[in-house]
Amino acid sequence: MAHFVYLRNVIKDKHIASIMPTSASGVRKVCSKIDFSKDNVYVEYGPATGIFTNYILQNMTPGSNVILIERNPNFVDVLRQTFSDDRVHIYHDSAEKVADIVLRVSADGADYVLSGIPFSFFNDQMRNEIVRQTYGILREGGKFLPYQTFYQKDRHLYNHIRNIFDTVNDEYFLWNVPPMRIYEAVK
Ligand SMILES: C[S@@+](CC[C@H](N)C(=O)[O-])C[C@H]1O[C@@H](n2cnc3c(N)ncnc32)[C@H](O)[C@@H]1O
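Residues numbered from 1 in each chain as written. Predicted model: local features only at pLDDT ≥ 70, side-chain atom pairs only at ≥ 80, totals over all residues. Heavy atoms only, no water.

> What exactly am I supposed to notice about the environment of His15 here?
Turning to its location among the elements, His15 is positioned in the loop between helix H1 (2-10) and helix H2 (24-31). On the accessibility criterion, His15 (26% relative accessible area) is partly exposed. As for His15 and Lys29, which are separated by 14 residues in sequence, their C-alpha atoms are 23 Å apart. Among residues more than four places away in sequence, those in contact with His15 are Arg71, Pro118, Phe121 and Phe122. (Helix = DSSP H or I, 4+ residues; strand = E, 2+ residues; numbered from the N terminus. Buried < 20%, exposed > 50% of the residue type's maximum accessible area, 1.4 Å probe, protein only. Contact = heavy atoms within 4.5 Å.)

What follows is the structure, encoded as structure tokens:
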């Protein structure tokens, strides 16, 4: 079902940037960098049909919250139909609005920001703005966890994160179509 919804929408919206959701092993790999044992505020940029949201909901504590920011209206409809949990906050908006959006849910910011949005499609100003605002809304020790396609150039995202975050690691993950480049930036 998720694959069908993807294909139908990707034809009309190039910013979806992928013809299918992240694989289950890709989701587990990115989420292995999260400490699910405490109450957290999670933010997701570009959740699409909610493949990561599902995993987070199944693993997070009852006191945690998830904020979803998705720019494609059809995916926003799917998310609203799929997640009726009060702890899931769905915004039809773009990631560069994250600072305003997070404040509506959590006055003191977020612990984790996961991101599947295609940074290679954006211009430098937008890349910088999203990374800068992400840093701004993260609590001390919080993590920015973008997952991108493996062929992404450093100038598309890595360099922007390096300019702002104290610690950045990246690695390649082959068990996804296409393979992924996964980043872990710690504030
Ligand atoms: C490659 S898909 C990733 C979807 C999903 N997270 C997954 O892992 O399967 C990229 C998603 O980012 C959304 N998107 C693209 N640009 C965005 C932006 N500036 N702000 C929020 N969402 C955006 C697209 O609509 C699409 O749902």
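There's more to say after this.
> What is the right way to read the packing of H2 against helix H3 (residues 51-59) from this model?
Each pair of packed helices gets described by two things: the angle between the helix axes and the distance between those axes. Orientation of H2 relative to H3, taken along the N-to-C sense of each, is 55°, at an axis distance of 10 Å. Between H2 and H3, the angle falls in the class oblique. Crossing of H2 against H3: the hand is right-handed. In contact with Gly26, Val27, Arg28, Val30 and Cys31 of H2, H3 contributes Ile51, Phe52 and Tyr55. Among the residues making up the contact of H2 with H3, the classes are represented as 6 nonpolar, 1 polar and 1 charged. (Axes fitted to C-alpha atoms, helices over the stretch in contact; angles between N-to-C directions. Parallel < 35°, antiparallel > 145°, perpendicular 65-115°, else oblique. Left-handed = near helix turned anticlockwise from the far one by under 90°. Nonpolar A, V, L, I, M, F, W, Y, C, P; charged D, E, K, R; others polar.)

> Would you mind going over the side chain of Thr22 with me for this structure?
Along the polypeptide, Thr22 turns up in the loop between H1 and H2. Among the residues examined, Thr22 registers a relative accessible area of 14% and is labelled buried. Ignoring any residue separated from it by four or fewer positions in sequence, one finds Thr22 in contact with Val27, Ile51, Phe52, Tyr147, Asn176 and Met180.

> It is not clear to me how the sheet that holds strand E5 (residues 138-149) should be interpreted in this structure. Could you clarify?
What holds strands together in a sheet is hydrogen bonding between their backbones, with the strands either parallel or antiparallel. Taken in spatial order, the 7 strands make up an open sheet running E3-E2-E1-E4-E5-E7-E6, and their pairing is mixed. Both edges of this open sheet fall to strand E3 (88-92) and strand E6 (167-173), since each of them pairs with a single strand only. Each adjacent strand pair in this sheet contributes to an overall mean axis angle of 15°, direction not counted. Here strand E2 (residues 65-70) pairs with E3 via 5 bridges, running parallel. The partner of Val66 across the bridge, within E3, is Val88. Sitting on the sheet, helix H4 (residues 73-82) touches E2 and E3, and the angle it makes with E3 is about 160°. (Pairing = 2+ DSSP bridges.)

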